2 protein chains.
Amino acid sequence: MRKLSPDTPYLAIDKKLLAKNIESMAKKTSKARINLRPHVKTHKIPELAKLQLASGAVGITVATIGEAEVFAKKGIRDIFIAYPLLVSESKLKRLVKLSRKVKLTLAIDSTQGAKALAKGLAGVKVLVEIDSGHHRSGCDPKQAGEVALGAKTLGLNPVGIFTFPGHSYKPKGAKQAVADEQRALKEAATTMAKVGIEAKIISSGSTPSAGFSAESSGKSVKAKSLVNELRPGVYVFNDAQQLELGTCTVNQIALWAVATVVSVTGNRMILDSGSKTLGADRAGWATGYGRLLDFPEARIEALSEHHATAVFPKTKKARPGAKASGGKLPKIGDLVRVIPNHVCNAVNLVDQVYLVESQKVVGSWKVAARGRNS
Amino acid sequence: MRKLSPDTPYLAIDKKLLAKNIESMAKKTSKARINLRPHVKTHKIPELAKLQLASGAVGITVATIGEAEVFAKKGIRDIFIAYPLLVSESKLKRLVKLSRKVKLTLAIDSTQGAKALAKGLAGVKVLVEIDSGHHRSGCDPKQAGEVALGAKTLGLNPVGIFTFPGHSYKPKGAKQAVADEQRALKEAATTMAKVGIEAKIISSGSTPSAGFSAESSGKSVKAKSLVNELRPGVYVFNDAQQLELGTCTVNQIALWAVATVVSVTGNRMILDSGSKTLGADRAGWATGYGRLLDFPEARIEALSEHHATAVFPKTKKARPGAKASGGKLPKIGDLVRVIPNHVCNAVNLVDQVYLVESQKVVGSWKVAARGRNS
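Per chain, residues are indexed from 1 in the order of the written sequence. Chains and ligands are labelled by the order in which they are written, letters from A for the one and numbers from 1 for the other. At least 70 in pLDDT is required for a residue's local features to be given in this predicted model, at least 80 for side-chain atom pairs to be given and counted, and no such filter applies to totals for whole chains, interfaces and linings, which use all residues. Side-chain figures throughout are based on the complete set of non-hydrogen atoms in the structure, without hydrogens or water.

### Considering the interface of chain A and chain B
Here's step 1: On the chain B side, the residues contacting the 56 residues of chain A number 56 residues.
Here's step 2: By buried area we mean how much accessible surface two parts lose on assembly, using a 1.4 Å probe and totalling the loss over both. Overall, the association of chain A and chain B removes approximately 4400 Å² of surface from exposure, summing both partners, and the carbon and sulfur fraction of that is 46%.
Here's step 3: A side-chain nitrogen of Lys or Arg and a carboxyl oxygen of Asp or Glu constitute a salt bridge if their distance falls within 4 Å. At the junction of chain A and chain B, the tally comes to 10 salt bridges.
Here's step 4: The salt bridge involving A:Lys91 is made with B:Asp272; its shortest N-O contact spans 3.7 Å.
Here's step 5: Between N or O atoms, a polar contact is any pair within 3.5 Å; within protein, one atom must be a potential hydrogen donor and the other a potential acceptor, and residues adjacent in sequence are included only when both atoms are from side chains. Seen at the junction of chain A and chain B, the total is 34 residue pairs in polar contact (both at pLDDT 80 or more).
Here's step 6: Elements with a minimum of two residues in the side of chain A that touches chain B: α4 (89-101), β10 (255-265), β11 (268-271), α11 (275-278) and α12 (343-347) of chain A.
Here's step 7: In this classification, Asp, Glu, Lys and Arg are treated as charged, Ala, Val, Leu, Ile, Met, Phe, Trp, Tyr, Cys and Pro as nonpolar, and every other residue, Gly included, as polar. Of the residues in the side of chain A that touches chain B, the class split is 14 nonpolar, 25 polar and 17 charged. The contact rule is simple, with two residues in contact once any of their heavy atoms fall within 4.5 Å. By the criteria applied, helices consist of DSSP H or I runs no shorter than four residues and strands consist of E runs no shorter than two, each listed in order from the N terminus.

Structure follows, in structure tokens:
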């Protein structure tokens, strides 16, 4: 692998696995008759968003105005900013400019948020964000009608509701999160109907819960689920979190960091992919700071900015160069493949990702919206 | 503050506090007759490195070849790459090129590492990295002589030893880490002397331990400490980790994120500075994912990519807009100042940082070595 490779550490995307992941989610949502509007904060790459659109996505979801600007510049014309923006004058100007070339949908979870948008964006479509149990942003589902009516009175165009069931991110959390989401969305849609506003778009989605949402919708759209739009992001690559949550298998991991083993002491190996390559994310339930793609027994027990401490089980098998389930254990100077815990933060650390076919680097993509946080 | 501010979230550096922090460390090390070679991975900004050099630093420390290339291009001529590189042909070529214009010092912790460097860098100065208790990279102090002799035989020029007492990063850990470091450095220097190689440079340093190292050196350089070079990085800005470790006071925090309050539910406020702005670092002993500069009672209890969940104590005082020790509690739409847990990772997320004087933005610096991980 070394000859054709860039200097380590770098991020590599397997083109075939990426294509499979894109297709699989497109099929799942299409079968369930749910619109797919993937969250592109995961990859921030316009070329990749176009593959998602080509496979049937109705548009894209972004988190920031900056991301929307980058994707709009690259020709994407249907963008939902799934964030309860509280816009300053400067941000409002940027949104007004965007709304002239893009079919823009915005988000509110308060009347204050709506007021700030209404100063320059009369008629713009908005979705009301509701809290379905993750307790991050989003209003109480009971208040959705009030927030929507407030927005309408101010001249905005409330067309639906959305939520992020982020509490799906724990072991066996997805099923409960989908149940919570269904209940919350139903309550919110009902309170909106009471003030005469139809929730045409009912949007949800996280990668762990997407399968469950699609399934319950597929069975009986009317009775079992109200969701008609999903916004998963991570599914294009998957990551160590999804692997440990059981949302994906190791054969669906389409992105990894390539790292060099720089130091070996006993069963401890130091890789040059630290938190400035992998990101420092570690949920309470995670078994480490990432996983080695080819060595399922190893764990990354510590992470500095430029060091990952991979620890192998203390068995005879675990000597450097010895055979293990993933082949020979790595030796100093070897390259290894590392799966980040949270791929969205890993991709946001690099200016480009490399494209791989049969473990050969065949090209690269610029992470065009990297760092566009505002 | 809003009128003169860039769109949130953004990082701001207080110029006066930065200058004070630079001066304070320069004085401390000068008094102890220790060379200061600050680690610039913290800020990655050539303009800032030049301020450090102007205040007496003997050179800079970097973590990667990419960082060295950026700082060399900006005219910095004395660079130590404090990382046990295991160079590929491509990295070797880059180092050879660098060594032609820069006084370069490299690092090894194994004979394999030395062998790879010796293929093109005969005569280059190297320091042997030793493990002083952090158990990351670095050889056993007992092996320092063997590694140094191996390097010498291969044609490299071993001139000393270095360590990173990273286990200083826990409450009350600094004093013990310095004691460990002293013991390990002494042992390593002795094993080198036995094979006829003098450890002229004895280098250590982390921000939490720097004060202790300087102190013990200052008292009696010969008897109490061997360290004659320190490489702290974080001290220029400080961060929430240093604050909670007691290494700095709140008046020495020279960098913060400026964020907007976008959503409020009871005593929970959502800020637009998530892990893509602050970094996801959280040590086991940290009380949260960062701190609010003006509200010491608040804690950031959760962090998503674009959301920080700041929780205020449930008291009457903690209502939005109510008075608190930091002044009135923030309301939706207000700007707040957030101290990242680990400033090195926060700065590495942005392309530029803004310079502030008396809370007014007066300029900006490009984070020129951002993302240069290889």
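Now that the structure is up, let's keep going.
### Comments concerning the relation of the copies chain A and chain B
Here's step 1: Only residues with pLDDT of at least 70 in both copies contribute their C-alpha atoms to the least-squares superposition of the copies. Under the fitted operation, chain A is carried onto chain B by 0.0 Å of movement along the axis and a turn of 180 degrees, and the coordinates agree to an RMSD of 0.0 Å. Here the copies are linked by what is in effect a two-fold axis. In terms of proximity to the rotation axis, the leading residue of chain A is A:Ala280, whose C-alpha is 2.6 Å off the axis.
Here's step 2: In this assembly, 100% of the residues forming the interface of chain A have copies in chain B that are likewise at the interface, indicating an isologous arrangement.

### Considerations on the sheet that holds strand β8 (residues 201-204) of chain A
Residue and element names in this part refer to chain A.
Here's step 1: Two strands are counted as paired when DSSP detects at least two bridges linking them. If you walk across this open sheet you meet the eight strands as β2-β9-β8-β7-β6-β5-β4-β3, and the pairing is parallel. Edge positions in the sheet fall to β2 (35-36) and β3 (60-62), since each of these pairs with one other strand and no more.
Here's step 2: Sheet topology places strand β4 (residues 78-81) next to strand β5 (residues 103-108); three bridges connect them, and they run parallel. Residue pairing for β5: Ile-79 is matched across the bridge by Leu-104.
Here's step 3: Orientation is described by axes fitted as lines to C-alpha atoms, over the contacting stretch for helices, and by angles from 0 to 180 degrees between their N-to-C directions. Sitting on the sheet, helix α5 (residues 111-118) touches β5 and β6 (125-129), and the angle it makes with β5 is about 145 degrees.

### A look at the pairing of strand β5 (residues 103-108) of chain B
Residues and elements named next belong to chain B.
Here's step 1: Most of β5 sits inside the fold, with five of its six residues counted as buried.
Here's step 2: A clockwise course of the path from the first strand over the helix to the second, judged with the strands pointing away from the viewer, identifies a crossover as right-handed. Once the chain exits strand β4 (residues 78-81) it traverses helix α4 (residues 89-101) before rejoining the sheet at β5, and the crossover so formed is right-handed.
Here's step 3: Judged from the four bridges that link them, β5 and strand β6 (residues 125-129) form a sheet pairing that is parallel. Following the sheet pairing, Leu-106 is matched in β6 by Val-126.
Here's step 4: Read as a crossover between parallel neighbours, the route from β5 over helix α5 (residues 111-118) to β6 is right-handed. The buried label applies to any residue whose accessible area, calculated with a 1.4 Å probe on protein chains only, is under 20% of its type's maximum; exposed applies above 50%, and partly exposed to all values in between.

### Some points on the sheet that holds β5(B)
Residue and element names in this part refer to chain B.
Here's step 1: Sheet architecture is open: eight strands sit in the order β2-β9-β8-β7-β6-β5-β4-β3, paired in parallel fashion. At either end of the open sheet lies a strand with only one pairing partner, and these are β2 (35-36) and β3 (60-62).
Here's step 2: As paired strands, β3 and β4 are joined by three bridges and run parallel to one another. What sits directly across from Ile-60, in β4, is Ile-79.
Here's step 3: Packed on one face of the sheet, helix α3 (residues 65-73) meets β3 and β4 and runs near 170 degrees to β4.

### Considering the state of the cysteines
Here's step 1: Sulfur atoms of two cysteines make up a disulfide when they are within 2.5 Å. In the structure shown here, the tally under the stated rule is zero disulfides over all chains.
Here's step 2: Cysteine B:Cys248 is unpaired, with the sulfur of B:Cys344 as its nearest cysteine sulfur at 13 Å.

### Focus on the packing of helix α3 (residues 65-73) of chain A against α4(A)
Residue and element names in this part refer to chain A.
Here's step 1: Contact geometry for α3 and α4: axes closest at 11 Å, N-to-C directions at 30 degrees. With respect to each other, α3 and α4 are oriented roughly parallel. Viewed along their axes, α3 and α4 form a crossing whose handedness is left-handed. In contact with Ile-65, Gly-66, Ala-68, Glu-69, Ala-72 and Lys-73 of α3, α4 contributes Lys-91, Arg-94, Leu-95, Leu-98 and Lys-101.
Here's step 2: Residue classes in the contact of α3 with α4 are distributed as five nonpolar, one polar and five charged. Under this scheme an angle from 65 to 115 degrees is roughly perpendicular, one under 35 degrees roughly parallel, and one over 145 degrees roughly antiparallel; angles in between are oblique. Less than a right angle of anticlockwise turn of the near helix away from the far helix marks a crossing as left-handed, whereas a clockwise turn marks it as right-handed.

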